[in-house]
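Notes for the structure review
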Amino acid sequence: MNKRSFIKTSIAGIGGLVTYPLFAKGRSSYLNKGNEQKEFILPELPYSYDSLEPYIDKKTLFFHHSMHHAAYTEKFNAAVKEAGITGKNAREILKEVSKYPVSVRNNGGGYLNHKLYWKFMSPEGGGNPEGVLLEAINRDFGTFENFKNEFSSTAKQVFGSGWAWLIVSEGKLIVTSTPNQDNPIMDIAEVKGIPVLCIDVWEHAYYIKYQNRRADYINAFWNIVNWDMVSTKFKKATS
Ligand code: MN3
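On a predicted model such as this, the values are computed, not experimentally measured, just so you know.

Conventions and cut-offs
Residues numbered from 1 in each chain as written. Predicted model: local features only at pLDDT ≥ 70, side-chain atom pairs only at ≥ 80, totals over all residues. Heavy atoms only, no water. Helix = DSSP H or I, 4+ residues; strand = E, 2+ residues; numbered from the N terminus. Buried < 20%, exposed > 50% of the residue type's maximum accessible area, 1.4 Å probe, protein only. Contact = heavy atoms within 4.5 Å. Areas by Shrake-Rupley, 256 points an atom, 1.4 Å probe, with all protein chains shown as cover. Phe/Tyr/Trp six-rings, centres within 6.5 Å; stacked < 30°, edge-to-face > 60°. Axes fitted to C-alpha atoms, helices over the stretch in contact; angles between N-to-C directions. Parallel < 35°, antiparallel > 145°, perpendicular 65-115°, else oblique. Nonpolar A, V, L, I, M, F, W, Y, C, P; charged D, E, K, R; others polar. Salt bridge = Lys/Arg side-chain N within 4 Å of Asp/Glu carboxyl O.

**Some points on the overall build of the protein chain**
A count of helices and strands for the protein chain gives nine helices and three strands. Ordered by position from N to C terminus, the α and β elements of the protein chain give α-α-α-α-α-α-β-β-β-α-α-α. When burial is assessed residue by residue, the protein chain has 45% of its 239 residues classed as buried. The contacts of the protein chain with a sequence gap of at least 6 include a subset with a gap of at least 24, amounting to 67%. Carbon and sulfur atoms provide 52% of the accessible area of the protein chain, an area that totals close to 12,300 Å².

**Notes on the packing of aromatic side chains**
Going through the model one piece at a time under the given rule, you end up with 20 aromatic pairs. Ring plane angle 50 degrees and centroid distance 6.1 Å describe the contact between Tyr210 and Tyr217, whose orientation is recorded as tilted. According to the relative accessible area criterion, Tyr210 is buried, its value standing at 9%. Residue Tyr217 is classed as buried on the basis of its relative accessible area, which comes to 1%.

**Here we look at the packing of helix H5 (residues 131–141) against helix H6 (residues 144–157)**
Across the interface, H5 lies against H6 with an axial gap of 8 Å and an inter-helix angle of 70 degrees. Relative to H6, the element H5 is oriented roughly perpendicular. Facing H5, whose interface residues are Leu134, Ile137, Asn138 and Phe141, H6 presents Phe144, Asn146, Phe147 and Glu150. Classifying every residue of the contact of H5 with H6 gives five nonpolar, two polar and one charged.

**Overview of the side chain of Thr154**
For Thr154, the position within the fold is in helix H6. Note on Thr154: relative accessible area 17%, which makes it buried. If sequence neighbours within four positions are ignored, Thr154 has contacts with Ala164, Val175, Thr176 and Ser177.

**Things to note about the pattern of salt bridges**
Counted by the stated rule, this structure contains five salt bridges. Its salt-bridge partner being Glu96, residue Lys88 comes within 3.7 Å of it at the nearest N-O pair. With a relative accessible area of 24%, Lys88 lands in the partly exposed category. Across the pair Arg213 and Asp216 runs a salt bridge whose closest N-O atoms are separated by 3.1 Å. Each of the salt bridges in this network shares a partner with another, and the network as a whole consists of Lys88, Glu96 and Lys99.

Structure, rendered in structure tokens:
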């Protein structure tokens, strides 16, 4: 091992030690048996905090995951407990979120939305979608370029904090947005559907690197979109 790769390996090792065991592995989870409500766990990132550089910087990803997403997860557990919800997963809860206090909506959305967002990015991402996903994009948007333009402009136009989404609704791909931490699967969503891609446009997702330049963050996002995951979600949503 030469000096440079040793240093790289060591840093990766430290990152692994410092970051991962604090989250998913450090907390006990119990199965969703009967009426017992399982605890929601902050998922590990499928990549290291620096691996989406230069598009998303290490500091942003660290705070976004280990602080923001961790806080939503913790508060979602508290809200679920407070609301007396038992034996349900996050999707089941959010699909009938109008029944519950607003803390379930805000923190449950924050928990699930970020879980999706991490999956839709990858250091090996970018490029173009392929196969049936590309065919569906061409069918519903004309071209891939048209889709990208519509998604980007929807994300840029979100007023304040929120998300832009590509969803499947009645078999069709649609671009939409939600305010705050709402998710298109929620019964209160204006446009409902199953998410197959999303981007977080809260300032905490980009402010450290991009300050007020949300458009630059959105343009950079295309370099890290995990099309394999989008494709997997699309097939599941349409099967
Ligand atoms: Mn966020």
